[in-house]
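If you want the building blocks of each chain, they are given just below.
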Amino acid sequence: MAILLSTYNGEPFLAEQLDSFLTQTHSNWMLYWRDDRSADGTVALLTDFAARVGPKVRAGLPCGGHLYVTRSYLTLLAAARDGDAELFAFADQDDVWLPHKLRRGVAALAAVPAGVPALYCSRTVLVDARLRRIGLSAPIRRPPGFPTALTQNVATGCTAILNRAAADLVLASKPPSGTLHDWWSYLIVAAAGGRILTDPEPGVLYRQHPGNLIGAPPGLLRRGIAAFRRGPGVFMGIVRQHVAALEAQPHLLSEPARRDLAVIARGLRGGMRERRAALRLPGFVRQTWPEDMVFRLWFMLG
């Protein structure tokens, strides 16, 4: 098991995350870390942790300039894949892992046949900056997969674990510049016909604070309102980027995904009739009705 940790100015919360790795009941792991040119004490914390833990921590990967989040995590994934790891767990710098986090992911992925790409993810416990409980992340109400992966990412990166076949697939693909590593991993594994394994048992204390790159507003209504306030521009932009990136790599996709993708691409480029046809595709929906209503409005408006 490889734990992949990309950091950037993570000093305020990093020590608690590192300590939570040591509480894991699945103890056969190695930490791969890379810092994206932090200006605080992040690297010192990681260096001290490596000295304390020893061979379970691989020396930090060279920075090589700002890669930002997606390229940084894919760099870590490539380095770990070149080792002997069979499973790859993304880790954020500001969360805390519950002791069973890795064990449950390993057990779920063990049931997947060799060579079949699979991604495991779980719910999270939402907490504030001081780890006080806010609530739970949203449950999965509709089956994950493709084409629903184009509408929404349900594989929160701090919970995601890839098997080796999924890691190979992600690294063989070319993500668009505007995507995040977790959404792209979920999307490409789903589009390839791989397995998406969701766990209703939370495995992570997902810290919500002003520095979050991506947060998780609790509550069905609040998520719908948050989606509406973001507006269609950014959302439809990433949908178009994802569609274009998948169209450019048809050899990585399953035949059903290629057919659905063609309908969706025609909708994005066509008129109202083509867009209605895309929205009739089974599974081309978001998880909750407020979010889905907003999505359908935005898709029809383009």
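Residues numbered from 1 in each chain as written. Predicted model: local features only at pLDDT ≥ 70, side-chain atom pairs only at ≥ 80, totals over all residues. Heavy atoms only, no water.

Chemist: Hey, could you run me through the overall build of the chain in this one?
Modeler: Secondary structure assignment for the chain yields 11 helices and eight strands. Relative to the 2.2 N^0.38 estimate, which gives 19 Å for 302 residues, the radius of gyration of the chain is 19 Å and therefore close to what a compact globule would have. Structurally, the chain occupies a C-alpha span of about 60 × 40 × 35 Å along its principal axes. Across the 302 residues of the chain, 55% fall into the buried class. (Helix = DSSP H or I, 4+ residues; strand = E, 2+ residues; numbered from the N terminus. Rg over C-alpha atoms; globule rule 2.2 N^0.38 Å. Buried < 20%, exposed > 50% of the residue type's maximum accessible area, 1.4 Å probe, protein only.)

Chemist: I would appreciate a short explanation of unusual backbone geometry in the present structure.
Modeler: What you tend to see is this: most non-glycine residues have negative phi, and most peptide bonds are trans. Along the chain, F146 connects to P147 via a cis peptide bond; the corresponding omega equals 15 degrees. Here P147 is to be found in the loop between β6 (133–136) and β7 (161–163). For N9, which is not glycine, the phi torsion reads 50 degrees and is therefore positive. With respect to the element layout, N9 can be found in the loop between β1 (2–7) and α1 (11–22). Owing to a relative accessible area of 30%, N9 belongs among the partly exposed residues under this scheme. With phi around 65 degrees, Y68 is a residue other than glycine that occupies positive phi space. Residue position: Y68 is located in helix α3 (residues 68–81). Residue class for Y68 comes out exposed when judged on its relative accessible area of 58%.

Chemist: Sorry, what's going on with the pattern of salt bridges here?
Modeler: As a working rule, side chains carrying opposite charge can pair if their charged atoms are close by. All told, the structure shown has 12 salt bridges when counted by the stated rule. E255 serves as the salt-bridge partner of R258, at 2.7 Å between the closest nitrogen and oxygen. With R258 and E255 both in helix α9 (residues 255–269), this residue pair falls three residues apart, about one helical turn. The class of E255 is partly exposed, set by a relative accessible area of 39%. One connected set of salt bridges, linked through shared partners, spans R81, D82 and D168. (Salt bridge = Lys/Arg side-chain N within 4 Å of Asp/Glu carboxyl O.)

Chemist: Sorry if this is basic, but what is going on with the side chain of S38 here?
Modeler: Tracing the sequence through the fold places S38 in the loop between β2 (30–35) and α2 (42–53). Judged by its relative accessible area of 18%, S38 is buried. A distance of 2.6 Å separates a polar atom in the side chain of S38 from the backbone nitrogen of N9. Only 2.6 Å separates the side chain of S38 from the side chain of D35, close enough to count as a polar contact. In this structure, S38 is in contact with T7, Y8 and N9, ignoring residues within four places of it in sequence. (Polar contact = N/O pair within 3.5 Å; in protein donor to acceptor, adjacent residues only side chain to side chain. Contact = heavy atoms within 4.5 Å.)

Chemist: Before we go on, may I ask you to explain α9 in this structure?
Modeler: The periodicity of an α-helix, 3.6 residues per turn, causes residues three or four positions apart to be oriented the same way. With 15 residues, α9 extends 21 Å between its outermost C-alpha atoms, agreeing within 8% with the 21 Å of an ideal straight helix rising 1.5 Å per residue. Buried within α9 we find A257, D260, L261, V263, I264, A265, G267 and L268. Here the buried face of α9 lies against α6 (181–191), α8 (232–247), α10 (272–279) and α11 (289–301). (Expected span 1.5 Å × (residues − 1).)

Chemist: When you look at the pairing of strand β3 (residues 87–91) in this model, what are you seeing that I'm missing?
Modeler: The side chains of a regular strand alternate between the sheet's two faces. Counting buried positions over the five residues of β3 gives five, a clear majority of the element. Of the two faces of β3, the one lined by L87, A89 and A91 and the one lined by F88 and F90 are each fully buried. Bridge count for β1 against β3 is four bridges, and the pairing is parallel. Among the inter-strand pairings, I3 is bridged to a residue of β3, identified as A89. Examined bridge by bridge, β3 and β7 share three bridges and lie antiparallel to one another. Bridge pairing links L87 to N163 in β7. (Pairing = 2+ DSSP bridges.)

Chemist: Is there a simple way to think about α11 in this case?
Modeler: Counted at 1.5 Å a residue, the expected span for α11 with its 13 residues is 18 Å, and the 18 Å between its end C-alpha atoms agrees. Once α11 finishes, G302 follows within two positions and takes phi at roughly 90 degrees, a positive value.

Chemist: Sorry if this is basic, but what is going on with the packing of aromatic side chains here?
Modeler: Aromatic rings in a pair are described by how distant their centres are and how their planes are angled relative to each other. This model, assessed by the stated rule, comprises eight aromatic pairs. Plain terms: the ring middles of F284 and F299 are 5.4 Å apart, the flat faces sit at 85 degrees to each other, and that makes the pair edge-to-face. Placement of the pair is F284 in the loop between α10 and α11 and F299 in helix α11, with a sequence separation of 15 residues. For F284, a relative accessible area of 1% gives the class buried. For F299, a relative accessible area of 1% translates into the label buried. Three or more aromatic residues link up through ring pairs in this structure, and these residues are F235, F284, F295, W298 and F299. (Phe/Tyr/Trp six-rings, centres within 6.5 Å; stacked < 30°, edge-to-face > 60°.)

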